[in-house]
Amino acid sequence: MNSLIIPIHIILRLIMLEKKIIKNTLALLIISSIPPSHASNNDNSGTAFTVSLGAVSSPKYSGSNEQTWGAAPQFHFQQDNFFVDSMNGAGFRFQSENGLYFIPTIGYDSGRTDEDSGWRKGSDALKGMGDISATVNAGLALGWAITPWLVLEGKATLPLSDGQGISYATSVDFIPVLDEEDTVAFKISALFADSRYMNTWYGVTSTQSANSGYSRYNSAGGYYGTDVSLTWAHQFNENWGAWFGINHTWLGDNAANSPIVKQKEGTTGVVAISYTF
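In this text, all values refer to a predicted model and were calculated from it rather than measured experimentally.

Calculation rules
Residues numbered from 1 in each chain as written. Predicted model: local features only at pLDDT ≥ 70, side-chain atom pairs only at ≥ 80, totals over all residues. Heavy atoms only, no water. Helix = DSSP H or I, 4+ residues; strand = E, 2+ residues; numbered from the N terminus. Buried < 20%, exposed > 50% of the residue type's maximum accessible area, 1.4 Å probe, protein only. Contact = heavy atoms within 4.5 Å. Areas by Shrake-Rupley, 256 points an atom, 1.4 Å probe, with all protein chains shown as cover. Polar contact = N/O pair within 3.5 Å; in protein donor to acceptor, adjacent residues only side chain to side chain. Phe/Tyr/Trp six-rings, centres within 6.5 Å; stacked < 30°, edge-to-face > 60°. Lys NZ or Arg CZ within 6 Å of the ring centre and 35° of its normal. Core = buried A, V, L, I, M, F, W, Y, C linked by side-chain atoms within 4.5 Å. Salt bridge = Lys/Arg side-chain N within 4 Å of Asp/Glu carboxyl O. Pairing = 2+ DSSP bridges.

Caption draft 1: Broad picture of the overall build of the chain. Of regular secondary structure, the chain possesses three helices and 18 strands. Here the chain holds 277 residues, and 53% of them are scored as buried. Taking the contacts inside the chain whose residues are at least 6 apart along the sequence as the reference set, 59% of them involve residues at least 24 apart. Approximately 11800 Å² of the chain is accessible, and the part contributed by carbon and sulfur atoms is 60%.

Spelled out as structure tokens, the structure:
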């Protein structure tokens, strides 16, 4: 799924430099693989609360050829290694001095509806497909911050409240700029899932076919897409910051061959301001 669609399936973290909490925490909210473990000599203690308000444009659902616009209010609270935010729920980071880290989270996904919606993924183009239920998810991220500018990560997302299958992502982050004023990050991710997940989001059952008019489709599990994103964040002072992010997704054949996929590629953009108390 597109990583910039709200709810955004990413891990929001604080970046620690020179034993200070950098105040642009929400400015980094679409950089999913930059853990504070990239600077093992830094002090990771501290508390911060940040709110962010911006605008987001994204496909109405994965595979849609329609864009939707909306507001993107978000928040993030962090105390030491524990965090709670509006995108990922609650989580805790474990890290080692060599840059290895593990971050389990409990979060929420709003699912998908078969009509236009102001806050959920969905479109009238899916009429008759039925809704995909909202779920509580467990996320398990394991990564290695090789250097301050290169991070490798693998993540699995498992729905706990509904049997929708498991999705996986492997990613590489390149961060050429990371200081107290500006952050620039490039991320590329390969997306994988089991067959249950693929058929939940891209499959068409006999009942759905009869109700919607789409032909039946059953997908195998495996690779289903690639995500590429670029983020630039700027911090004006200790409290105020702003950021811009753009993400492009290409769907592989397992997803793109579905009749509900109108467009194999989709772009999401976000621009926002943030304030840290």
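Additional details are given in the paragraphs that follow.
Caption draft 2: Quick look at the side chain of Thr 113. Residue placement: Thr 113 occurs in strand β10 (residues 112-113). Judged by its relative accessible area of 6%, Thr 113 falls in the buried class. Among the polar contacts made by the side chain of Thr 113, one reaches the side chain of Asp 131 at a distance of 3.1 Å. Discounting residues that sit within four places of it in the chain, Thr 113 has contacts with Arg 120, Lys 121, Gly 122, Ser 123, Leu 126 and Asp 131.

Caption draft 3: Summary view of the packing of aromatic side chains. Inspection of the entire model under this criterion finds 11 aromatic pairs. Geometrically, the ring pair formed by Phe 92 and Phe 94 is tilted, given 4.9 Å between the ring centres and 50° between the ring planes. An aromatic cluster of at least three residues, connected via ring pairs, comprises Phe 49, Phe 75, Trp 240, Tyr 275 and Phe 277. The aromatic ring of Trp 119 is capped on one face by Arg 120, whose charged end is 5.8 Å from the ring centroid.

Caption draft 4: A look at the nonpolar core. With 19 residues, the main nonpolar core has Met 198, Tyr 202, Tyr 224, Leu 251 and Ile 260 as its most contacted residues. Looking at this core, the elements that each hand over two or more residues are β15 (182-193), α1 (195-201) and α3 (253-256). Looking at which element gives the most residues to this core, the answer is α1, with three residues.

Caption draft 5: Region of interest: the environment of Trp 149. Note that Trp 149 resides in the loop between β12 (135-147) and β13 (150-159). On the basis of relative accessible area, Trp 149 is assigned to the partly exposed category, the value being 43%. As a C-alpha pair, Trp 149 and Pro 176 span 27 residues in sequence and 5.9 Å in three-dimensional space. Not counting residues within four places of it along the chain, the set of residues in contact with Trp 149 comprises Asp 173, Phe 174 and Ile 175.

Caption draft 6: How the structure looks around the pattern of salt bridges. Scanning the entire structure with this criterion turns up five salt bridges. For Lys 187, the salt bridge is made with Asp 173, and the minimal N-O distance between the two is 3.4 Å. Here Asp 173 lies in strand β14 (residues 167-178) and Lys 187 lies in strand β15, a separation of 14 residues in the sequence. Asp 173 shares its class with Lys 187; the two are buried. Salt bridges sharing partners connect three or more residues here, namely Lys 60, Glu 66 and Asp 116.

Caption draft 7: Inspection of the environment of Tyr 101 at higher detail. Along the chain, Tyr 101 turns up in strand β9 (residues 100-109). Sequence separation of Tyr 101 and Ala 141 is 40 residues, and the distance between their C-alpha atoms is 8.1 Å. At a separation of 2.6 Å, a polar atom in the side chain of Tyr 101 contacts the side chain of Glu 153.

Caption draft 8: Quick look at the environment of Pro 259. Here Pro 259 lies in the loop between α3 and β18 (265-276). Taking relative accessible area as the criterion, Pro 259 reaches 22% and is therefore assigned partly exposed. With 44 residues separating them in the primary sequence, Pro 259 and Ser 215 have C-alpha atoms 6.7 Å apart. If we skip the residues at most four places from it in the chain, Pro 259 touches Val 204, Tyr 214, Ser 215 and Tyr 217.

Caption draft 9: Representation of the pairing of strand β16 (residues 222-235). Counting buried positions along β16 yields 10 of 14 residues, so the element is predominantly enclosed. Turn length for the β16-strand β17 (residues 240-251) hairpin, with the two strands adjacent in sequence and antiparallel, is four residues.

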